[in-house]
Amino acid sequence: DQQVKQNSPSLSVQEGRISILNCDYTNSMFDYFLWYKKYPAEGPTFLISISSIKDKNEDGRFTVFLNKSAKHLSLHIVPSQPGDSAVYFCAASDLSGNTPLVFGKGTRLSVIA
Amino acid sequence: EAGVAQSPRYKIIEKRQSVAFWCNPISGHATLYWYQQILGQGPKLLIQFQNNGVVDDSQLPKDRFSAERLKGVDSTLKIQPAKLEDSAVYLCASSFPARAAFSEQFFGPGTRLTVL
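Because the structure is predicted, anything quoted here is derived from the model rather than measured. (Residues numbered from 1 in each chain as written. Chains lettered and ligands numbered in written order. Predicted model: local features only at pLDDT ≥ 70, side-chain atom pairs only at ≥ 80, totals over all residues. Heavy atoms only, no water.)

Peer 1: Sorry if this is basic, but what is going on with the overall build of chain B here?
Peer 2: Regarding its fold elements, chain B presents zero helices and 11 strands. Put simply, chain B runs from its N terminus to its C terminus through helices and strands in the order β-β-β-β-β-β-β-β-β-β-β. A compact globule built from 116 residues would reach a C-alpha radius of gyration of about 13 Å, and chain B, at 14 Å, matches this within 12%. Once the C-alpha set of chain B is aligned to its principal axes, its extents read approximately 40 × 30 × 30 Å. A buried classification covers 45% of the 116 residues belonging to chain B. (Helix = DSSP H or I, 4+ residues; strand = E, 2+ residues; numbered from the N terminus. Rg over C-alpha atoms; globule rule 2.2 N^0.38 Å. Buried < 20%, exposed > 50% of the residue type's maximum accessible area, 1.4 Å probe, protein only.)

Peer 1: How should the sheet that holds strand β3 (residues 19–24) of chain B be read in this particular structure?
Peer 2: All names here are of chain B. Spatially, β1-β3-β8-β7 is the arrangement adopted by the four strands of the open sheet, whose pairing is antiparallel. Whereas interior strands pair on both sides, the edge strands pair on one side only; in this sheet they are β1 (5–7) and β7 (65–68). For this sheet the average axis-to-axis angle between neighbouring strands, irrespective of direction, equals 15°. Sheet analysis places β3 next to strand β8 (residues 75–79), joined by five bridges and oriented antiparallel. Pairing of F21 across the sheet is with L77, part of β8. (Pairing = 2+ DSSP bridges. Axes fitted to C-alpha atoms, helices over the stretch in contact; angles between N-to-C directions.)

Peer 1: Where do I start with the nonpolar core in this structure?
Peer 2: Within soluble globular proteins, side chains that are nonpolar tend to cluster in buried spots. Among the nonpolar cores identified, the biggest contains 23 residues, and F33(A), W35(A), L73(A), L75(A) and Y88(A) are the most heavily contacted of them. Counting residues per element, the ones that place at least two in this core are β3 (19–25), β4 (32–38), β5 (45–51), β7 (62–67), β8 (72–77), β9 (86–93) and β11 (107–112) of chain A. Residues F21(B), W34(B), I79(B) and A88(B) belong to the second largest nonpolar core, which totals 21 residues. (Core = buried A, V, L, I, M, F, W, Y, C linked by side-chain atoms within 4.5 Å.)

Peer 1: Is there a simple way to explain the state of the cysteines in this structure?
Peer 2: A disulfide bridge is the covalent bond that connects two cysteines by way of their sulfur atoms. Counting across every chain of the model gives two disulfides over all chains. C23(A) shares a disulfide with C90(A); S-S distance 2.0 Å. When the S-S torsion is -75°, as for the bridge of C23(A) with C90(A), the disulfide is left-handed. Of this pair, C23(A) sits in strand β3 while C90(A) sits in strand β9, and the two are 67 residues apart along the sequence. Residues C23(A) and C90(A) agree in their burial class; the two are buried. Two residues share a disulfide in this structure: C23(B) and C92(B), whose sulfurs sit 1.9 Å from each other. Negative torsions about the S-S bond denote left-handed disulfides, and the value of about -70° found for C23(B) with C92(B) makes this one left-handed. Here C23(B) is found in strand β3, whereas its partner C92(B) is found in strand β9 (residues 88–95), with 69 residues between them in sequence. (Disulfide = S-S within 2.5 Å.)

Peer 1: Help me understand a nonpolar patch on the surface in this model?
Peer 2: A cluster of nonpolar side chains, contributed by I18(A), I20(A) and V78(A), occupies part of the molecular surface with about 230 Å² of accessible area. You can call I20(A) partly exposed: its relative accessible area is 37%. (Patch = residues over 30% accessible without salt bridge, like charges linked within 9 Å, V, L, I, M, F, W, Y side chains within 5 Å. Areas by Shrake-Rupley, 256 points an atom, 1.4 Å probe, with all protein chains shown as cover. Salt bridge = Lys/Arg side-chain N within 4 Å of Asp/Glu carboxyl O.)

Peer 1: Looking at this structure, how should I read the packing of aromatic side chains?
Peer 2: What characterises a pair of aromatic rings is the spacing of the ring centres plus the angle enclosed by the ring planes. With the rule as written, the count across this model stands at 12 aromatic pairs over all chains. Put simply, the rings of Y36(A), F46(A), F89(A), F103(A), Y33(B), Y35(B) and F107(B) pair up and form one aromatic cluster. (Phe/Tyr/Trp six-rings, centres within 6.5 Å; stacked < 30°, edge-to-face > 60°.)

Peer 1: Would you mind going over the pattern of salt bridges with me for this structure?
Peer 2: For side chains bearing opposite charge, pairing can occur when the charged atoms are close. Scanning the entire structure with this criterion turns up five salt bridges over all chains. A salt bridge links R61(A) to D84(A); its shortest N-O distance comes to 2.8 Å. You can see R61(A) sitting in the loop between β6 (56–59) and β7 and its partner D84(A) sitting in the loop between β8 and β9, a full 23 residues away along the chain. Looking at D84(A), the relative accessible area reads 2%, which means it is buried. Across the salt bridge formed by D86(B) and R64(B), the nearest N and O atoms sit 2.5 Å from each other. On the criterion of sequence distance, the pair formed by D86(B) in the loop between β8 and β9 and R64(B) in the loop between β6 (53–56) and β7 is long-range, its members being 22 residues apart. We note that D86(B), like R64(B), is buried. Within this structure, K37(A), R61(A) and D84(A) form a network of salt bridges that share partners.

Right, here's the structure in full:
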């Protein structure tokens, strides 16, 4: 049973446009959510996170939105750049750190110049 | 600051053979994790260490997988004997533990295992 779901395996966006990556979760115990970015032959790197007490967190070109009632979060990248092309993983845990990090399957983003 | 180091980067073995992976975490990071990432899936936690003690190994297939972190620094993950379905990237991560709070995990580049 997948507790964290990323239903779009891939996404193509033109350079300069907005990229929107979506993630759904099923476990109500999750209250901390993260996005990781992964380039080929490298490990995932932390991008941005949000706790359940917020509905939005912004860091430069990256914004994560959380809709707790829908158990849905999204990552917005504006403007998209070719260097953003990577696999993006949504992950969930709890703020206490007691729950192991659970990852989605990832979405491969291609930003076309 | 040096990142998480893993070796080897790639390994090809025949089924039923044994294999071992090594990880050296970021200096000062007491928590170490091993993840398995099968192609097309997200990373799945196999085992978590706090210093040299096991915190969580509930998803480790203990009939064939073992891991140790004897001195609380570097760690070894072993598969014996390997099966075809063990083909995956094995990721090591480390974190500086925060009291009663989520602590960011830093990942190594992974070891890609192919079992033929």
